Amino acid sequence: MPRSPVTTHDEFAEALRAQRVWDRELPGFEAGAAPAEPVSLFHSWFLDAVKAGQVEPHTMALATVDADGLPDVRTLMLHDADARGWHFATHAGSAKGRQLAARPAAALHFYWPAVAQQIRIRGRVTADGPGAVRSRGALAAALTGHQSEVLDGRETLVAASAAAWERAGAEPDAVVPTWTAYTLIPDEVEFFQGDAMRRHVRLRYRRRTGAGGKAAGWERGLLWP
């Protein structure tokens, strides 16, 4: 039976105070042995998180800025990470799509509590054309469309979704014109390894800029926790 949405602040505060973090053995991180560039370390940490049983390690927070200069954040799925950057997709007409068109810079955040690790990434974002859709459910969601628009009622969504699921089954290669692939090309990547004694390890990569503004590798440095 669903819990009533009505609760008291005392109940909330008691539950909040009862929570604990990292009360278990955590992996170590020798920052001095880290690779010269961040994406291979990301690959390694991702695989370790999967092996540790982290639920949905491919989900991440994407932060953008709206027309008033206010931050906006939401959770979405990682599509790939390679030497160019971190890849994701969304509707070009969604709130994040419009914000990225106006201000093509963003931040990503991964948090994997199973291994007490965080990864923060900041950089510019490029729109790379039509995005790939990898499952019937993802295609149905893309075909449903209208992301971030005002919804007049649950029934409207249910009807649109049912039609989208049916089409996704009948046309697995259906094209969604607004579904767009994006790449965040990083200027800065930080790896955070939690420590039960609160002596967290924070390793930051910053992209060097060479002659003519061209990328010239990465510089690494530790940050205080």
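Residues numbered from 1 in each chain as written. Predicted model: local features only at pLDDT ≥ 70, side-chain atom pairs only at ≥ 80, totals over all residues. Heavy atoms only, no water.

Chemist: Looking at this model, I keep getting lost on the overall build of the chain. Mind explaining?
Modeler: Within the chain one finds five helices and nine strands. Listing every helix and strand of the chain by position from the N terminus yields α-α-β-β-β-β-α-β-β-α-α-β-β-β. In terms of overall dimensions, the chain has C-alpha extents of about 55 × 55 × 40 Å along its principal axes. For the chain, with 225 residues in total, the buried portion stands at 35%. Contacts in the chain between residues at least 24 apart in sequence constitute 63% of all its contacts with a sequence separation of at least 6. On the chain, roughly 13900 Å² of surface is accessible, and the fraction owed to carbon and sulfur atoms is 56%. The chain carries 26 positive and 26 negative side-chain charges, and their two centres are separated by 6 Å. (Helix = DSSP H or I, 4+ residues; strand = E, 2+ residues; numbered from the N terminus. Buried < 20%, exposed > 50% of the residue type's maximum accessible area, 1.4 Å probe, protein only. Contact = heavy atoms within 4.5 Å. Areas by Shrake-Rupley, 256 points an atom, 1.4 Å probe, with all protein chains shown as cover. Lys, Arg positive; Asp, Glu negative; His and termini not counted. Charge placed at Lys NZ, Arg CZ, Asp CG, Glu CD.)

Chemist: Could you clarify how one ought to interpret the pairing of strand β5 (residues 105–112) in this entry?
Modeler: Regular strands place their side chains on alternate faces of the sheet. Here β5 shows a clear split, with Ala106, Leu108, Phe110 and Trp112 buried on one side and none of Ala105, Ala107, His109 and Tyr111 buried on the other. Two strands pair when backbone bridges link them, and strand β1 (residues 59–65) and β5 are joined in this way by three bridges, in the antiparallel orientation. Along β5, the bridge assignment pairs Ala61 with His109. Of the pairings in the sheet, the one linking β5 to strand β6 (residues 117–130) comprises eight bridges and is antiparallel in character. If you follow Ala106 over to β6, its bridge partner there is Gly123. Where β5 folds back onto β6 in an antiparallel hairpin, the turn is made up of four residues, including Ala116, whose phi is positive at roughly 55°. (Pairing = 2+ DSSP bridges.)

Chemist: Got a minute to help me understand the environment of Glu188 in this structure?
Modeler: Inspection of the secondary structure puts Glu188 in strand β7 (residues 179–193). Along the backbone, Glu188 and Arg204 are 16 residues apart, and their C-alpha atoms lie at a distance of 7.1 Å. Ignoring anything within four residues of it in the chain, the contact list for Glu188 reads Arg120, Ile121, Arg122, Arg204, Tyr205, Arg206 and Trp218. Polar side-chain contacts of Glu188 include one of 3.3 Å to the side chain of Arg206. (Polar contact = N/O pair within 3.5 Å; in protein donor to acceptor, adjacent residues only side chain to side chain.)

Chemist: What is the right way to read the packing of aromatic side chains from this model?
Modeler: How two aromatic rings sit relative to each other is given by the distance of their centres and the angle of their planes. Per the counting criterion, the structure on display carries twelve aromatic pairs. Relative to Trp45, the ring of Phe29 has its centre 5.1 Å away and its plane inclined at 80°; by these criteria the two rings are edge-to-face. Of the two residues, Phe29 is situated in the loop between α1 (9–17) and α2 (38–51) and Trp45 in helix α2; the sequence distance between them amounts to 16 residues. You'll find Phe29 and Trp45 in the same group, each marked buried. An angle of 80° between the planes, with centres 5.2 Å apart, marks the rings of Trp45 and Phe191 as edge-to-face. With Trp45 in helix α2 and Phe191 in strand β7, the pair connects residues that are 146 residues apart, well separated along the chain. Taken as a pair, Trp45 and Phe191 share a single burial class, namely buried. (Phe/Tyr/Trp six-rings, centres within 6.5 Å; stacked < 30°, edge-to-face > 60°.)

Chemist: Mind showing me how you'd approach the layout of surface pockets here?
Modeler: Gaps between atoms show up when a probe of the same size as a water molecule is rolled over them. The calculated volume of the largest pocket comes to roughly 620 Å³. For the largest pocket, the lining is made up of 29 residues, of which His91, Ala141, Ala142, Gln147 and Trp179 are closest to its centre. Elements that contribute at least two residues to the lining of the largest pocket include exactly β2 (71–77), β4 (86–91), α4 (136–144) and α5 (154–170). A breakdown of the residues in the lining of the largest pocket according to their chemical character gives 13 nonpolar, eleven polar and five charged. In this structure, the second largest pocket encloses a volume near 180 Å³. Lining the second largest pocket are 14 residues, with Val133, Leu139, Pro172, Asp173 and Ala174 sitting closest to its centre. (1 Å grid on protein atoms, 1.4 Å probe; cavity = no way out; pocket = protein on both sides within 12 Å on 5 of 7 lines; lining within 4 Å. Points joined across faces, edges and corners; volume = space filled by probe spheres on them. Nonpolar A, V, L, I, M, F, W, Y, C, P; charged D, E, K, R; others polar.)

Chemist: Hey, could you run me through the pattern of salt bridges in this one?
Modeler: Opposite charge on two side chains permits them to pair, given that their charged atoms come into close proximity. Counted by the stated rule, this structure contains seven salt bridges. Here Arg124 makes a salt bridge to Asp187, at a shortest N to O gap of 3.9 Å. Placement of Arg124 in strand β6 and of Asp187 in strand β7 is noted, with a sequence separation of 63 residues between them. Taking the shortest distance from any N to any O, the salt bridge between Arg206 and Glu188 comes out at 3.3 Å. Taken together, the positions of Arg206 in strand β8 (residues 201–209) and Glu188 in strand β7 put the pair 18 residues apart, joining distant regions of the chain. Judged by its relative accessible area of 34%, Arg206 is partly exposed. (Salt bridge = Lys/Arg side-chain N within 4 Å of Asp/Glu carboxyl O.)

Worth remembering: the numbers are spatial, not functional.
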